[in-house]
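Notes for the structure review
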Amino acid sequence: MSPDGRRIYDLRDFFGNIWEPNALLRLAETDDKASETSSTLGSFSQASEAVSEMSDPITALAVNPLNFSYCIGDEAGSLRLHECGKDTSTMISQTLMAVDHASWSDDGTILVTADLGSRLSVWASNPRMPMEEPSLSFDANIECIQQLIISRSSEHLFVAVQGFIQLWSISNKEMITSQISLSHACRWVSHPTRDDTLLQIEYASIKLLRWSNLLETRTFSLEREMIDTETPVVLPTDVNPTSPGEETSFVDKVFATSDGSQLLCQTFEVMKGQRPRRQIILVPSPEPDDPNSAIKPQLLPPLVETQIDVVLGFASRDYRRPSYAQSSASEDLLVFLDREFWVCTWALSDKNATSAKRHFFLPQDWLNAECFKFSTVSRDGTLFVPRNGEVAVIRNGLREEWFE
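Given the structure is predicted, the values throughout are model-derived calculations rather than measurements. (Residues numbered from 1 in each chain as written. Predicted model: local features only at pLDDT ≥ 70, side-chain atom pairs only at ≥ 80, totals over all residues. Heavy atoms only, no water.)

1. Topic: the overall build of the protein chain
The helix and strand tally for the protein chain stands at four helices and 31 strands. Taking the intrachain contacts of the protein chain between residues at least 6 apart in sequence as the baseline, contacts between residues at least 24 apart amount to 46%. Accessible surface, the protein chain as shown: approximately 20500 Å² in total, 50% of it carbon and sulfur. (Helix = DSSP H or I, 4+ residues; strand = E, 2+ residues; numbered from the N terminus. Contact = heavy atoms within 4.5 Å. Areas by Shrake-Rupley, 256 points an atom, 1.4 Å probe, with all protein chains shown as cover.)

This is how it looks when you write it as C-alpha cells:
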C-alpha cells in the first residue's frame, strides 16, 4: 500500500502492477476538505475508470540498416516511418488492408512493402534524411506474397509467392522473369558477400541463383547426418503436435554474421503425430568456386540452444567501436530471448559455452504475438520490440550483464 493510501503495489518475481481502485480514492478523499472533495473526486474517478486507447497491432517492422530509423505497418493499413529514439513519425501511406511485409535495402535507399490487398509498393528513400517521407517509385498487384528480398546492389527485387518466384528491376520498374517454384519450405536470402548471388536455403541443401535471371548455378548439400544424431529441441507443450499424416522439414529463419562468413539457420523437423523439433545450425556462406559439393553445419553448444526461445539476430561484440560494422564473425553476439524472456547473448567464439549471458528481461505485458514475431536487434545492439501498436527502442541494454 502506498503511504497516501491511494495505490496498491503488486510485485511478482521480476514484474509488478500498480492498482488505483476507486474505493481507495474515495476513502482518501474523505479526509480532505469538503470543498475540495467534490472537485477532485470526480477527476480521480474519471481517470481511474478511463479505458486506455489500444493501438492497432503491428503486422510488419523493418529497420533501416544505415540510420536505424524504422518503418512499421499495422493491421489498419497504415505505414509509418519513425526516427530511432524519438517520438516523431511520418505517415507514408494509408490503405484499407493490413501491411504484412516490409523490407529495407542494405544501403537504406529502397523500402519495399506489401499488404493483404495484394499491393506491392517500392519506395525511394534518402538515408541522410531519416524522417523525409519516401517517394513512391512504383507499385504492382501481386497475390499471396510470402517473402521480399532486395539485392545488395539495390537493383533487383525478389518476390516469392505461392507456387512462383519473380524477379523485378527496380530502376526499370518492370518484372524481368517469373518462374514456377515448388519450394515452399525454404528461405531465400541475398548472399551476404556477393552482389550477384541469391541463396535458396532448404532443410538439406543450399542453392545459388544469379540475381540477374534467377538461374541456378550451384547446389550444395548439407551434411545433416553429422548433426541429426544430436537431440533437437522439442518445442513446449503449448505447440500442438502434427496431424497423423503430416510430415515435413523446413527452414524458418536465417541470419548472417557481420562479415557474412557464416549463416545461422533455424530449422524444424515435423514428424507424424509429434511436436515440432527445432535445430539451430551455423553454416559457412557457400561460394560458387568451392570445389566441395557438401557443407558441414555446426550445432550451437547444447546448453545454449536449450535456453533459446526466440532468436533476434546478431550484434557486434564490441559495437562501441566505430568500426564495429567491419568486425569478424568471431566477434559477433547472438542475441535472443530465453524461455523466461530475458534478453541474452552468446559469443560465437565461445564454442564451449555452458550458458549464455543474461542482460535484462522484458516486462510481462510486452509478451504477445507482436513481440515474438517482429522483435529484432541492429548491429550496434539496439533492440526494437513491438508492443501495443508501438515499438520500444532499447539502447545500450547489452552493455551490462546480470549476475544472480
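2. Observations concerning the confidence of the model for the protein chain
Looking at the protein chain as a whole, its pLDDT mean stands at 84, while 80% of the residues score no less than 70. Low pLDDT (under 50) marks residues 320-325, which in the prediction has ten contacts with non-local residues, meaning those over four places away or in another chain. (pLDDT = per-residue confidence, 0-100.)

3. Notes on the environment of His-101
Inspection of the secondary structure puts His-101 in strand β7 (residues 99-104). Each C-alpha atom, one on His-101 and one on Ala-114, is 5.0 Å from the other, the two residues being 13 residues apart in sequence. For His-101, the residues in contact, after removing those within four places along its chain, are Ala-60, Val-112, Thr-113, Ala-114, Ile-145, Gln-146, Gln-147 and Leu-148. Of note is the side chain of His-101, whose polar atom sits 3.0 Å from the backbone oxygen of Ile-145. (Polar contact = N/O pair within 3.5 Å; in protein donor to acceptor, adjacent residues only side chain to side chain.)

4. Quick notes on the pairing of strand β17 (residues 205-210)
By the bridge criterion, five bridges tie strand β16 (residues 197-201) to β17 in an arrangement that is antiparallel. The residue of β17 that forms the bridge with Leu-199 is Leu-208. When β17 meets strand β18 (residues 216-222), the two strands line up antiparallel, connected through five bridges. Along β18, the bridge assignment pairs Ile-206 with Phe-220. Here β17 hands over to β18 after five residues, with Leu-214 in that stretch at a positive phi of 65 degrees. (Pairing = 2+ DSSP bridges.)

5. Some words on the sheet that holds strand β30 (residues 383-387)
With respect to topology, three strands assemble into an open sheet ordered β29-β30-β31, the strand pairing being antiparallel. Where the open sheet ends on each side, the last strands, each with one partner, are β29 (376-377) and β31 (390-394).

6. Focus on the side chain of Thr-382
Of note, Thr-382 is situated in the loop between β29 and β30. Among the polar contacts made by the side chain of Thr-382, one reaches the side chain of Asp-380 at a distance of 3.0 Å.

7. Structural notes on unusual backbone geometry
Despite not being glycine, Ser-154 has its phi angle at roughly 60 degrees, a positive value. Relative to the helices and strands, Ser-154 is located in the loop between β11 (145-150) and β12 (156-161). Under the relative-accessibility criterion, Ser-154 is labelled buried at 12%. Here Leu-214, not a glycine, exhibits a phi torsion of approximately 65 degrees, which is positive. (Buried < 20%, exposed > 50% of the residue type's maximum accessible area, 1.4 Å probe, protein only.)

8. Let's talk about the environment of Asp-309
Tracing the backbone through its elements, the reader meets Asp-309 in strand β25 (residues 308-316). Put simply, Asp-309 and Phe-372 are 63 residues apart on the chain and 9.2 Å apart in space, counted from C-alpha to C-alpha. Here Asp-309 is in contact with Arg-278, Leu-337, Asp-338, Arg-339 and Phe-341, once residues within four sequence places are set aside.

9. Concerning a nonpolar patch on the surface
On the surface, a cluster of nonpolar side chains totalling about 360 Å² of accessible area is made up of Leu-96, Met-97 and Leu-116. The class of Met-97 is partly exposed, set by a relative accessible area of 38%. (Patch = residues over 30% accessible without salt bridge, like charges linked within 9 Å, V, L, I, M, F, W, Y side chains within 5 Å. Salt bridge = Lys/Arg side-chain N within 4 Å of Asp/Glu carboxyl O.)

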